[in-house]
Amino acid sequence: MKRTYLAKRNALLSSTNFSWGAFALIFVVFFLLLRLFAPNFFWNIFTPVFQTSDALANQSHTFFSSFGDTAELVLQNEKLMNENSALANENQALLQKMNSLSGLSLDDRGITAGVVARPPTSPYDTLVLASGSDAGVTVGMEAFGEGGVPLGIISSVSADFSRVTLFSAPGIVTSGWVGKANLPVTIKGAGAGAMQASVSRSAGITVGDVVFAPGPGMLPIGGVVRVDSDPTSPSVVLRIMPALNLFSTTWVTVRDTGTTLP
Amino acid sequence: MIRGTLTILTFISTVLFPWPFTAVLALIASISEPLTPLAVGLFADVLYYAPQAVALPLFTFYGALATAIAFFVRSWLKASIIGE
């Protein structure tokens, strides 16, 4: 007697026919719709995910650092503590001078916001902040890091979250100055936390020169780490790294400076 | 089971690890699941894309490209003597 097999009996649940890729695509489209139509809810869901990611990154960094030379680390720590103490004193003195000169009130210092996602997980050079329109953040406000370093401009806002497009994002153009002579330059975002600018060869800009951006006064935005020159060109390209480590930024200050994104 | 694990791992990597690592995982996953690079690319753009920074959602674009290549390679292998 001929036996019949029902090969497609459970075709929908069969592990050979089930497409994980198609399932993943449906799952992602759902999140895309959620981000488009309910961005605040979307970021509320993903904030714990990013926080877990940060905690994991910090723990792995601590683990790998423990393999370093202890004596060297102790010396380095002592040196850094001394430097930190000196800088804190200097900062205090400068702050007092600034307050006495401009009469800035506490409200002018802006809104302090925690960073939810930062460049290692944000390939487009953006920061996601845990403060939104409910905290008074609006599109076009400028974000500053520790020490008043300009980082970027608020490009989108939801009720509890906002997104900062960093000055290092590709396509972002900022005006500024470079070097001891305060030479005006156009700073262009190069992606991955880096920036670049083109200046005349005769300007004599060297590695280590500080790059400034406009704000309340001249604010250090980064430093020249490499000067690329082509013998056939009258100009040189400056490779600029931010003054603040974007990969470890945990909080920023947001305030209105009248700056806009191009 | 391995296909599912690899797809889920690629998604987790999008949030936890730098993007080059995720890209490598997505390419490996595309051997068995051609739609995974597109799904992961779209997921990365859902999380991080900022139209003010880049005009084109790059990760979706590269994901779609990898998916198209993966489908092409699979159809070519099936049509060739190796697929028989």
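Up top is the structure these notes are about.
Quick look at the structure, then. The residue numbering used here restarts from 1 in each chain and proceeds along that chain's sequence as written. Working convention: letters from A go to chains and numbers from 1 go to ligands, in the order in which they are written. Note on the predicted model: pLDDT of at least 70 is required for a residue's local features to be given, and 80 or more for side-chain atom pairs to be given and counted; whole-chain, interface and lining totals, by contrast, use all residues. With hydrogens and water set aside, each side-chain value is computed from the structure's full complement of heavy atoms.

### Some details on the interface of chain A and chain B
Listed per partner, the contact involves 36 residues of chain A and 29 residues of chain B. Across the interface of chain A and chain B, roughly 2,700 Å² is buried in total on both sides, 72% from carbon and sulfur atoms. When the area that chain A buries against chain B is broken down by residue, the three leading residues are Trp20(A), Val28(A) and Tyr124(A), summing to 28%. By definition here, a salt bridge exists when the distance from a side-chain nitrogen of Lys or Arg to a carboxyl oxygen of Asp or Glu is within 4 Å. At the junction of chain A with chain B, the criterion picks out 0 salt bridges. We call two residues in contact when some of their heavy atoms are within 4.5 Å. Once two parts are put together, the accessible area they lose, assessed with a 1.4 Å probe and summed over both, is termed the buried area.

### Focus on the packing of aromatic side chains
Within 6.5 Å between ring centres, the rings of Phe, Tyr and Trp (the latter by its six-membered ring) count as paired, and their orientation is classed by plane angle as stacked under 30 degrees, edge-to-face over 60, tilted in between. By the definition in use, this model includes 14 aromatic pairs over all chains. Aromatic side chains Phe61(B) and Tyr62(B) sit 5.5 Å apart centroid to centroid with 65 degrees between the ring planes, which places their arrangement in the edge-to-face category. Exposure categories follow from relative accessible area, calculated using a 1.4 Å probe and restricted to protein chains: below 20% of the type maximum is buried, above 50% is exposed, and the middle band is partly exposed. With a relative accessible area of 43%, Phe61(B) lands in the partly exposed category. Through successive ring pairs, a cluster of aromatic residues spans Phe27(A), Phe30(A), Phe31(A), Phe42(A), Trp43(A), Phe46(A), Phe50(A), Phe11(B), Phe43(B) and Tyr48(B). Taking the ring centre of Phe144(A) as reference, the NZ or CZ of Arg255(A) above it sits at 4.1 Å. Put simply, a charge is over a ring when the Lys NZ or the Arg CZ is close to the ring centre, within 6 Å, and near the line of the ring normal, within 35 degrees.

### Here we look at the environment of Ser168(A)
All names here are of chain A. By the secondary structure assignment, Ser168 is in the loop between β5 (162-166) and β6 (173-178). In this structure Ser168 comes out as buried when scored by relative accessible area, which is 3%. Taking the C-alpha atoms as reference, Ser168 lies 7.1 Å from Ala192; in sequence the two are 24 residues apart. Leave out the neighbours within four places in its chain, and Ser168 touches Asp125, Gly189, Ala190, Gly191, Gly193, Ala194, Met195 and Leu246. Separated by 2.6 Å, the side chains of Ser168 and Asp125 make a polar contact. In this description a helix means any DSSP run of H or I spanning at least four residues, a strand means any run of E spanning at least two, and both kinds are numbered starting from the N terminus. We define a polar contact as two N or O atoms separated by no more than 3.5 Å, with the added condition that, inside protein, one atom must be a possible hydrogen donor and the other a possible acceptor, whereas residues neighbouring each other in sequence contribute only through side-chain atom pairs.

### What about the environment of Glu33(B)?
Summarising the element assignment, Glu33(B) is placed in the loop between α2 (19-32) and α3 (36-48). A residue is classified by how much of its surface remains accessible, and Glu33(B), at 3% relative accessible area, is buried. One polar contact links the side chain of Glu33(B) to the main-chain amide nitrogen of Trp20(A), over a distance of 3.2 Å.

### Looking at the sheet that holds strand β3 (residues 142-144) of chain A
Residue and element names in this part refer to chain A. Any two strands with at least two DSSP-identified bridges between them are counted as paired. Strand order around the closed barrel formed by 6 strands is β1-β2-β5-β4-β3-β12, with antiparallel pairing between neighbours. In this sheet, neighbouring strand axes are inclined to one another by 45 degrees on average, regardless of whether the strands run parallel or antiparallel. Two strands pair when backbone bridges link them, and β3 and strand β12 (residues 251-255) are joined in this way by 3 bridges, in the antiparallel orientation. Bridging across to β12, Glu142 finds its partner in Arg255. The angle between two axes is taken between their N-to-C directions and runs from 0 to 180 degrees, where each axis is a line fitted to C-alpha atoms and a helix contributes only its stretch in contact.

### Looking at empty space enclosed by the protein
All names here are of chain A. Each cavity reported here is a set of points on a 1 Å grid over the protein atoms alone in which a 1.4 Å probe fits but cannot get out, each pocket an open set with protein on both sides within 12 Å along at least five of seven lines, and each lining residue one with an atom within 4 Å of a point. Grid points are joined across faces, edges and corners, and a volume is the space filled by probe spheres set on the points. All told, the structure shown has 1 cavity of 30 Å³ or more when counted by the stated rule. Within this model, the largest cavity holds a volume of roughly 60 Å³. As for the largest cavity, its lining consists of Val149, Pro150, Leu151, Leu166, Phe167, Ser168, Met195, Ile221, Pro242 and Leu246. For this classification, the nonpolar set comprises Ala, Val, Leu, Ile, Met, Phe, Trp, Tyr, Cys and Pro, the charged set comprises Asp, Glu, Lys and Arg, and every other residue, Gly included, is treated as polar. By residue class, the composition of the lining of the largest cavity is 9 nonpolar, 1 polar and no charged.

### Details of the packing of α2(B) against helix α4 (residues 58-79) of chain B
Residues and elements named next belong to chain B. Following both chains from N to C, one finds α2 and α4 inclined at 25 degrees, their axes separated by 9 Å at the closest point. Taken together, the axis directions place α2 and α4 in an arrangement best described as roughly parallel. Crossing hand, α2 versus α4: right-handed. When α2 is examined against α4, the residues Trp19, Leu27, Ser30, Ile31 and Ser32 are found in contact with a partner set consisting of Phe59, Ala66, Ala70 and Arg74. Its residues assigned to classes, the contact of α2 with α4 shows 6 nonpolar, 2 polar and 1 charged. Each angle receives one of four descriptions, namely roughly parallel if under 35 degrees, roughly antiparallel if over 145, roughly perpendicular if within 65 to 115, and oblique otherwise. The crossing is said to be left-handed when, going from far helix to near helix, the turn is anticlockwise and less than a right angle, and right-handed when the turn is clockwise.

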